[in-house]
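Reading the structure
Here is how the chains run, residue by residue.
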Amino acid sequence: MSIEASARSADLAQHISAFMAAHVYPAEATHLEQLRERPWSETPVIREIRAKARTEGLWNLFLPREYAPYSPGLSNLEYAPLAELMGRSEIGSAAFNCEAPDTGNMEVLARYGTDAQKRRWLEPLLAGDIRSSFAMTEPDVASSDATNIETSIVRDGDHYVINGRKYYASNALHEDCAFLVLLGKSNPGADERHRQHSQILVPLDTPGVRVLRSLSVFGFDDAPGGHAEIVLENVRVPAENLLLGEGRGFEIAQGRLGPGRIHHCMRLIGRAQRALEMMIDRANQRVAFGRTLGEQQSVREDIALSACEIEQARLLTLKAAEQMDLHGNKVAKDLIAMIKIVAPRMACRVIDRAIQIHGAAGVSQDTILARSYAYARKIRIADGPDQVHMMQLGRTLLHRQRHRNIT
């Protein structure tokens, strides 16, 4: 494999780095201050940054080349270093309209949406005028096995009626969130469990949709998007809001989650890299027991090990991205599973070391580290817990080897 960035990717990376230094990093503290006044609103400073990014053509960079009319049409391999740069800041991805879950929802609409669905939902998302949420997880079932999802989607004439409860619907608290992409059970009698579910677009202002509360992550509310618990009671939406067709919810989910998983890993590598750089700066500057921390052997070992682990995860991410480009998400599924296992655990370890070296400041609001650790730990669960990925990857490897031995 070749990990050299294309000329286009390298140029964009240079542009994004300069933009982050000039506009994003300096705005982080201001963004947090402004969130205290209106926690579920896009802050004025982010609105200003997003307008600048769009003017400079740094917008919707995540969509792959087959959707080039909507974006620069980068490959996964070209996008990887850009997502890493954005991921260094908790407001970086939002600045460029490349933030989950909107990115995954835009990919779903671009790939599976009808022309009418694209006009109503995709185009405003691409413009950054609205936000969206992905509602899959439920509080009463083990959603790591998504075939357990029980929210009902029942056809009634030219509408579907939806009843259920959703948990950790990310972005649903944002005041600009206009709709949910919802996974529910539409065909409970289907023999094949993976044909029982569908995905449907649910406007948040539909009667019967109630946002019960904000759910925190290690005490952080993750504003302005947040994570919501939502009840849907006899919610009626037009039949044309169904995506692709009844019983095709898992087909859509697999198309969505492959890129979504690797995008999270790309961002986490950026966050871990920033934590490492903070660790190095702290070690060079902080004096304890008459020496800088960097002169302590254990600190040097933490720095060296962190650099090794980040680079290992980066290379695996690039390989997975390349295989997705060359052979498609299905062929690359083992590598996607591997990086979804590796990257969040790596980021947790690296950020934890950075917290330790920063002492009390590391767990405070004065650095990005505590919020970064919460983010990395959350991604060990989001888009499939790492135990599920390990179970499925191990099963695949066992089956493959067994088949080779037989033949």
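Since the structure is predicted, the reported quantities are computational estimates derived from the model, not experimental observations. (Residues numbered from 1 in each chain as written. Predicted model: local features only at pLDDT ≥ 70, side-chain atom pairs only at ≥ 80, totals over all residues. Heavy atoms only, no water.)

All right, on to the state of the cysteines then. Tallying each qualifying case throughout the model produces zero disulfides. Unpaired in terms of disulfides, cysteine 98 finds its nearest cysteine sulfur in cysteine 265, a separation of 16 Å. Assessed through its relative accessible area of 0%, cysteine 265 is described here as buried. (Disulfide = S-S within 2.5 Å. Buried < 20%, exposed > 50% of the residue type's maximum accessible area, 1.4 Å probe, protein only.)

Right, let's get into the packing of aromatic side chains. Each aromatic ring pair is described using two quantities: the centre-to-centre distance and the angle formed by the ring planes. Evaluation of the coordinates by the stated rule reveals four aromatic pairs. For the pair tryptophan 121 and phenylalanine 179, a centre-to-centre distance of 4.5 Å together with 40° between the ring planes defines the contact as tilted. Note that tryptophan 121 is positioned in helix H7 (residues 115–127) and phenylalanine 179 in strand S4 (residues 177–185), a separation of 58 residues in sequence. For the ring pair tyrosine 167 and tyrosine 168, a centre distance of 5.1 Å and an interplane angle of 85° mean the geometry is edge-to-face. (Phe/Tyr/Trp six-rings, centres within 6.5 Å; stacked < 30°, edge-to-face > 60°. Helix = DSSP H or I, 4+ residues; strand = E, 2+ residues; numbered from the N terminus.)

Moving on, we get to the pairing of strand S1 (residues 131–135). On a regular strand, each side chain points to the face opposite its neighbour's, so the side chains alternate between the two faces of the sheet. A large share of S1 lies buried, amounting to five of its five residues. Residues Arg131, Ser133 and Ala135 of S1 are buried on one face, and the alternating residues Ser132 and Phe134, pointing to the opposite face, are buried as well.

This part covers empty space enclosed by the protein. The tally for this structure, following the rule as stated, stands at one cavity of 30 Å³ or more. Of the pockets and cavities examined, the largest cavity occupies roughly 30 Å³. Lining the largest cavity are Arg50, Asn97, Cys98, Glu99, Asp102, Met106 and Arg131. Per-class residue counts for the lining of the largest cavity are two nonpolar, one polar and four charged. (1 Å grid on protein atoms, 1.4 Å probe; cavity = no way out; pocket = protein on both sides within 12 Å on 5 of 7 lines; lining within 4 Å. Points joined across faces, edges and corners; volume = space filled by probe spheres on them. Nonpolar A, V, L, I, M, F, W, Y, C, P; charged D, E, K, R; others polar.)

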